[in-house]
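Take a look at the letters that make up each chain.
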Amino acid sequence: MSRTAIYNTTVAWKGEHWGHITMGNGPEMDFSAPPDAQGHPGVLTPEDAFVAAANTCIMMMFIWAAERYKLNLLSYDCQAEGTKRIELDRTEIFTHLCFRPHIRVSAGEEDPAAVHSRTQRALWSAQKYSLVANSVRSEIIIEPQIEII
């Protein structure tokens, strides 16, 4: 039997091209459209939030999978890039999201090849179980750099 969970945010217009968002979990911040869409630099944009949502979700799922696969995770950082297509009629869509995680894992006394394989499986599991990645129409591309120490 499935269950549901509800998450919420509240946005308020502050004038011009400014908004303020309050997350259901507590954080608040101002946001704007990106500068190339009459917005302001240096603040959260919906486009940034979209890419960040997928990047943070995949990272959290990777941490879960690393624990499940008993990896000795030393570090994880990931640069994510969303590519947006703008049509002639000004409609827009993110065509793909590319993630470039740099993952460092300690092999200890284990065979480094076996640890590398488990790390790749953990990354595959992270993508498979990522709520956000599974909820978008964009193609998901993962180009990892895995270091076994």
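Residues numbered from 1 in each chain as written. Predicted model: local features only at pLDDT ≥ 70, side-chain atom pairs only at ≥ 80, totals over all residues. Heavy atoms only, no water.

Asker: Sorry if this is basic, but what is going on with the sheet that holds strand β3 (residues 28–32) here?
Answerer: By way of backbone hydrogen bonds, the strands of a sheet pair with one another, either parallel or antiparallel. Strand order in this open sheet of 3 strands is β1-β2-β3, and the pairing throughout is antiparallel. Whereas interior strands pair on both sides, the edge strands pair on one side only; in this sheet they are β1 (9–15) and β3. Across this sheet, the average inter-strand angle for adjacent strands is 25°, counted without regard to direction. Direction of pairing for β1 relative to strand β2 (residues 18–23): antiparallel, over a ladder of 6 bridges. Opposite Val 11, over in β2, you have Ile 21 as the bridge partner. (Pairing = 2+ DSSP bridges. Helix = DSSP H or I, 4+ residues; strand = E, 2+ residues; numbered from the N terminus. Axes fitted to C-alpha atoms, helices over the stretch in contact; angles between N-to-C directions.)

Asker: Looking at this model, I keep getting lost on the packing of aromatic side chains. Mind explaining?
Answerer: Any aromatic ring pair is given by two values, namely how distant the centres are and how the planes are angled relative to each other. Tallied over the full model, the rule gives 3 aromatic pairs. Geometrically, the ring pair formed by Phe 50 and Phe 94 is stacked, given 4.7 Å between the ring centres and 15° between the ring planes. Taken together, the residues Phe 50 in helix α1 (residues 46–68) and Phe 94 in strand β5 (residues 92–106) connect sequence positions 44 residues apart. Residue Phe 50 is classed as partly exposed on the basis of its relative accessible area of 27%. Judged by centre distance (5.2 Å) and plane angle (25°), the rings of Phe 62 and Tyr 76 are stacked. (Phe/Tyr/Trp six-rings, centres within 6.5 Å; stacked < 30°, edge-to-face > 60°. Buried < 20%, exposed > 50% of the residue type's maximum accessible area, 1.4 Å probe, protein only.)

Asker: Would you mind showing me how to read the environment of Glu 143 here?
Answerer: Assignment of secondary structure puts Glu 143 in the loop between β6 (139–142) and β7 (145–148). Exposure remark for Glu 143: the relative accessible area of 42% places this residue in the partly exposed category. Between the C-alpha atom of Glu 143 and that of Arg 100, which follows or precedes it by 43 residues, the distance is 4.9 Å. Apart from residues no more than four positions distant in its own chain, Glu 143 is found in contact with Cys 98, Phe 99, Arg 100 and Pro 101. Polar contacts involving the side chain of Glu 143 include one to the side chain of Arg 100, which spans 3.1 Å. (Contact = heavy atoms within 4.5 Å. Polar contact = N/O pair within 3.5 Å; in protein donor to acceptor, adjacent residues only side chain to side chain.)

Asker: Honestly, α1 in this entry has me stumped. Any pointers?
Answerer: Turn by turn, an α-helix covers 3.6 residues, leaving residues three or four places apart pointing in a common direction. The end-to-end C-alpha distance of α1 is 33 Å, a good match for the 33 Å that 23 residues give at a rise of 1.5 Å each. Along α1, the residues that are buried comprise Val 51, Ala 54, Asn 55, Cys 57, Ile 58, Met 61, Phe 62, Ala 65 and Ala 66. As for α1, its buried residues are in contact with β4 (72–86), β5, α2 (112–129) and α3 (131–134). Lys 70 sits one or two residues past α1 and shows a positive phi near 55°. (Expected span 1.5 Å × (residues − 1).)

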